[in-house]
Amino acid sequence: MAEHEHVRVAVVGSGFGGLGAAVRLRREGVTDFVVLERADSVGGTWRDNSYPGCACDVPSHLYSFSFAPHPDWPRTFSGQEHIRAYLEHVTDVFRLRPHIRLNSEVRRMTWDGEKLRWDIETASGRLSADLVVSATGPLSDPRIPDVPGLDSFPGKVFHSARWDHDYDLRGKRVAMVGTGASAIQIVPAIQPLARNVTLFQRTPPWVMPRMDRAISGAERWLHRQLPFTGQVRRGLLWGIRELQVQAFTKRPGELGAVEQLAKRNMARAIKDPALRAKLTPDYRIGCKRILLSSTYYPALAQPNVDVVASGLSRVEGSTLVAADGTKAQVDAIVFGTGFHVTDMPIADRVVGADGRTLAEAWKGGMEALRGASVAGFPNWMSVIGPNTGLGNSSMILMIESQLNYLADFVRQLDVLGGRAALDARPVAVAAWNHRVQERMKRTVWNTGGCTSWYLDANGRNSTIWPGTTTEFRRATRRVDLAEYEVLRPSAQPSAVADESAEAAV
């Protein structure tokens, strides 16, 4: 990287969001951009998460870009290796590699109000950009709890997203801490190898069967020869999930019938009443992420698996002690304890127009206009930003909607001409987020009686979108300049009435 390189757009991250942004920029005729990636290859979370059994819980044909359909998915629910290969394929097909700067972790981004640009310091050098697209994603920085005594544990310790493939679990006593989406895949994968698996379960998840199967050669042939059949398949998968949204967002009581299905799924594999009681949640299904697995419960029923219905409290040498006093001797600890979602580390590295970091601006909770723009951070956009997550469908749909917004953002800057920047008006950000939070009050994520990673430290849901993907696509179809201040190098921000911005939300 050149010492004083300047580009029109700097994209941070090379997962689905970052690669999608790169493709969209090229389709808009923008070729003066870079993709800054901290690792040595593309793939984002599908590069980092390579633990045994890692796979997606969204059907393959819905978990891919609409502009890059893949007719050769081998299974209805793809494994990590297939999704990562797909992202490498997208990188090559759309000729993105010349734009990608690997081993270039962003250390600092600072807005220069005089030059209307972002000055960026990375691990491989410095550069500046007119526009920054932050696509680091919420599932990128692992969270390991501060457990007393953990530093003195003599065995192996790692997070599910930083799996140590050199460590052989065969014959080992393994502790699995956490019962999220990663843990329910890891436990069945390591149970046949390990001498013993002890699962520390703070909160039991709701688990539904995973209707996974191999996609036949005939199906794949059909999708290759007649591409519209793949589009129909994708459309049906999307439509079913759109119809489900009402139960999550407006009528959580309707989810009771789904709970009965989940309980029957458990009863088929777990015959021990005491174990069933440990594994039965006490909150409404959907409040936390609904997990899909047909192997999790059968694995827990095996004689070499122990379920501790309590969180890990402390470590005493090789002994793990749960909050309820249960003890377990282990050789290795695997943390499946999630990520820094509502306190993303990248926020500490972004310095806005008034000298505050993004983390300081978000001290009271993450907020962004249409999930993308933050007041005081001109020409800075996020992909998979605040309140863009989903509880029942594919995040690729939300990413593509945000890419539409990015494309129009670039067009608006072109129309304005010269040196210009767009800074979200505080009143527009506040109005948008008030509307989102008002809708959130009725949802199962807020009323279901659980504590989830969807909620921040203040108990505010700053991650999930309380509507359909269709609604979000309409909301992000274009940039409304009334919601922004137009900044010029030698002039005051353009005067667009705050009232107009508020009315437009």
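All of the points below concern the structure found in this document. (Residues numbered from 1 in each chain as written. Predicted model: local features only at pLDDT ≥ 70, side-chain atom pairs only at ≥ 80, totals over all residues. Heavy atoms only, no water.)

### So, the packing of aromatic side chains
For any pair of aromatic rings, the description rests on two quantities: the centre-to-centre distance and the angle between the ring planes. Per the stated rule, a full pass over the model turns up 15 aromatic pairs. With 5.8 Å between their ring centres and 75° between their planes, tryptophan 46 and tyrosine 63 make a pair best called edge-to-face. Placement of the pair is tryptophan 46 in helix H2 (residues 45-48) and tyrosine 63 in the loop between H2 and helix H3 (80-93), with a sequence separation of 17 residues. Both residues of the pair, tryptophan 46 and tyrosine 63, count as buried. Here the aromatic residues Phe16, Trp46, Tyr63, Phe65, Phe67, Trp73, Tyr86 and Phe94 are joined through ring pairs into a cluster of three or more. Lying across the ring of tyrosine 167, lysine 172 places its NZ or CZ 5.2 Å from the centre. A cation over a ring is seen here: arginine 439 above tryptophan 465, with NZ or CZ 5.6 Å from the ring centre. (Phe/Tyr/Trp six-rings, centres within 6.5 Å; stacked < 30°, edge-to-face > 60°. Helix = DSSP H or I, 4+ residues; strand = E, 2+ residues; numbered from the N terminus. Buried < 20%, exposed > 50% of the residue type's maximum accessible area, 1.4 Å probe, protein only. Lys NZ or Arg CZ within 6 Å of the ring centre and 35° of its normal.)

### Some remarks on the state of the cysteines
For the structure on display, the rule yields one disulfide. Covalent S-S linkage joins cysteine 287 and cysteine 450, the inter-sulfur distance amounting to 2.0 Å. Taking the torsion about the sulfur-sulfur bond, which here is approximately -90°, the covalent link between cysteine 287 and cysteine 450 counts as left-handed. One end of the pair, cysteine 287, is in the loop between helix H8 (273-279) and strand E11 (291-292); the other, cysteine 450, is in the loop between helix H13 (444-447) and helix H14 (469-475), and 163 residues separate them in sequence. Given the relative accessible area of 14%, cysteine 450 is considered buried. Of all cysteine sulfurs, the one in cysteine 56 lies closest to cysteine 54, which takes part in no disulfide; the gap is 8.8 Å. Looking at cysteine 56, the relative accessible area reads 4%, which means it is buried. (Disulfide = S-S within 2.5 Å.)

### As for the packing of helix H1 (residues 16-27) against H3
At their nearest, the axes of H1 and H3 sit 10 Å apart, and the two run at 20° to each other. Between H1 and H3, the crossing angle belongs to the class labelled roughly parallel. The hand of the H1/H3 crossing is left-handed. Between H1 and H3, the residues in contact are Phe16, Leu19 and Val23 and Ile83, Tyr86, Leu87, Val90 and Thr91, respectively. Its residues assigned to classes, the contact of H1 with H3 shows seven nonpolar, one polar and no charged. (Axes fitted to C-alpha atoms, helices over the stretch in contact; angles between N-to-C directions. Parallel < 35°, antiparallel > 145°, perpendicular 65-115°, else oblique. Left-handed = near helix turned anticlockwise from the far one by under 90°. Contact = heavy atoms within 4.5 Å. Nonpolar A, V, L, I, M, F, W, Y, C, P; charged D, E, K, R; others polar.)

### A look at a nonpolar patch on the surface
On the surface, a cluster of nonpolar side chains totalling about 590 Å² of accessible area is made up of Trp221, Leu222, Leu226, Phe228, Val232 and Leu236. Of all the secondary structure elements, the ones that give two or more residues to the nonpolar patch are helix H5 (217-225) and helix H6 (227-249). Top contributing element to the nonpolar patch by residue count: H6, with three residues. Take valine 232: its relative accessible area is 45%, and that puts it in the partly exposed class. (Patch = residues over 30% accessible without salt bridge, like charges linked within 9 Å, V, L, I, M, F, W, Y side chains within 5 Å. Areas by Shrake-Rupley, 256 points an atom, 1.4 Å probe, with all protein chains shown as cover. Salt bridge = Lys/Arg side-chain N within 4 Å of Asp/Glu carboxyl O.)

### Focus: the sheet that holds strand E15 (residues 327-329)
The antiparallel open sheet is built from three strands, whose spatial order is E13-E14-E15. Each edge of the open sheet carries a strand with a single partner, namely strand E13 (312-316) and E15. Adjacent strand axes in the sheet meet at a mean angle of 25° when their direction is disregarded. The pairing of E13 with strand E14 (residues 319-322) spans four bridges and is antiparallel. (Pairing = 2+ DSSP bridges.)

### Description of empty space enclosed by the protein
Counted by the stated rule, this structure contains one cavity of 30 Å³ or more. Taken as a whole, the largest cavity encloses approximately 80 Å³ of empty space. Per-class residue counts for the lining of the largest cavity are nine nonpolar, five polar and no charged. (1 Å grid on protein atoms, 1.4 Å probe; cavity = no way out; pocket = protein on both sides within 12 Å on 5 of 7 lines; lining within 4 Å. Points joined across faces, edges and corners; volume = space filled by probe spheres on them.)

### A closer look at the pattern of salt bridges
This structure, assessed with the given rule, holds 33 salt bridges. The shortest N-O distance in the salt bridge between arginine 173 and aspartate 331 comes to 2.9 Å. Remark: aspartate 331 occurs in the loop between E15 and strand E16 (332-335) and arginine 173 occurs in strand E8 (residues 173-177); sequence separation between them is 158 residues. Assessed through its relative accessible area of 23%, arginine 173 is described here as partly exposed.

### What about the nonpolar core?
Ranked by internal contacts, the top residues of the largest apolar core, which has 105 residues, are Phe16, Leu300 and Leu406. Considering each element in turn, this core owes the most residues, 11 residues, to helix H11 (residues 395-416). Judged by nonpolar contacts, the second largest core, of 27 residues, contains Leu36, Met109, Val350 and Trp380. (Core = buried A, V, L, I, M, F, W, Y, C linked by side-chain atoms within 4.5 Å.)

### Remarks on unusual backbone geometry
Positive phi is not limited to glycine here, since arginine 95 has a value of about 55°. Here arginine 95 shows up in the loop between H3 and strand E3 (100-101). Phi is positive for isoleucine 384, close to 60°, though the residue is something other than glycine. For isoleucine 384, the location among the structural elements is in the loop between strand E18 (380-382) and H11.

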